[in-house]
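Take a look at the letters that make up each chain.
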Amino acid sequence: MIICRCEGVFLSEILGAIEDGADSVPGVKKRVRVGMGYCQGRVCQPIVRDILGGRVGTGKNPVLQRAQPPVRPVRLGEIVR
């Protein structure tokens, strides 16, 4: 089952990362690149959080990775052309 569509990360890879010692969303992200694609984790981070909560017992509010802004600002006029 694919969890991160942007990076093509499967549930089995996330579970493997947890077995290897990942106990937070950033820990899983560093091991298997979940949340590093186009959406920056906006879609898959809640799913990974729930998986961690069930496997590691991190509670209701485990540490989430902050969404990253674009590398450089872009004016709306440049996008709308």
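A brief structural summary. (Residues numbered from 1 in each chain as written. Predicted model: local features only at pLDDT ≥ 70, side-chain atom pairs only at ≥ 80, totals over all residues. Heavy atoms only, no water.)

1. Quick word on the state of the cysteines
Covalent bonding between the sulfur atoms of two cysteines defines a disulfide. Overall, the coordinates contain zero disulfides when judged by the stated rule. Unpaired in terms of disulfides, C4 finds its nearest cysteine sulfur in C44, a separation of 3.8 Å. Residue classification places C4 among the buried positions, given a relative accessible area of 1%. Cysteine C39 shares no disulfide, and the gap to the nearest cysteine sulfur, in C6, comes to 3.8 Å. Given a relative accessible area of 14%, C39 falls into the buried group. (Disulfide = S-S within 2.5 Å. Buried < 20%, exposed > 50% of the residue type's maximum accessible area, 1.4 Å probe, protein only.)

2. Considerations on helix 2 (residues 25-32)
Counting buried residues along helix 2, six of its eight residues qualify, which places the element largely inside the surrounding structure. Turning to helix 2, the residues buried within the fold contact strand 2 (9-10), helix 1 (11-19) and helix 3 (45-55). (Helix = DSSP H or I, 4+ residues; strand = E, 2+ residues; numbered from the N terminus. Contact = heavy atoms within 4.5 Å.)

3. Considerations on unusual backbone geometry
Residues other than glycine seldom take positive phi values, yet R33 does so here, at roughly 70°. Tracing the chain through its elements places R33 in the loop between helix 2 and helix 3. Backbone geometry places Q40, a non-glycine residue, at a positive phi of 55°. Position of Q40 among the secondary structure elements: in the loop between helix 2 and helix 3.

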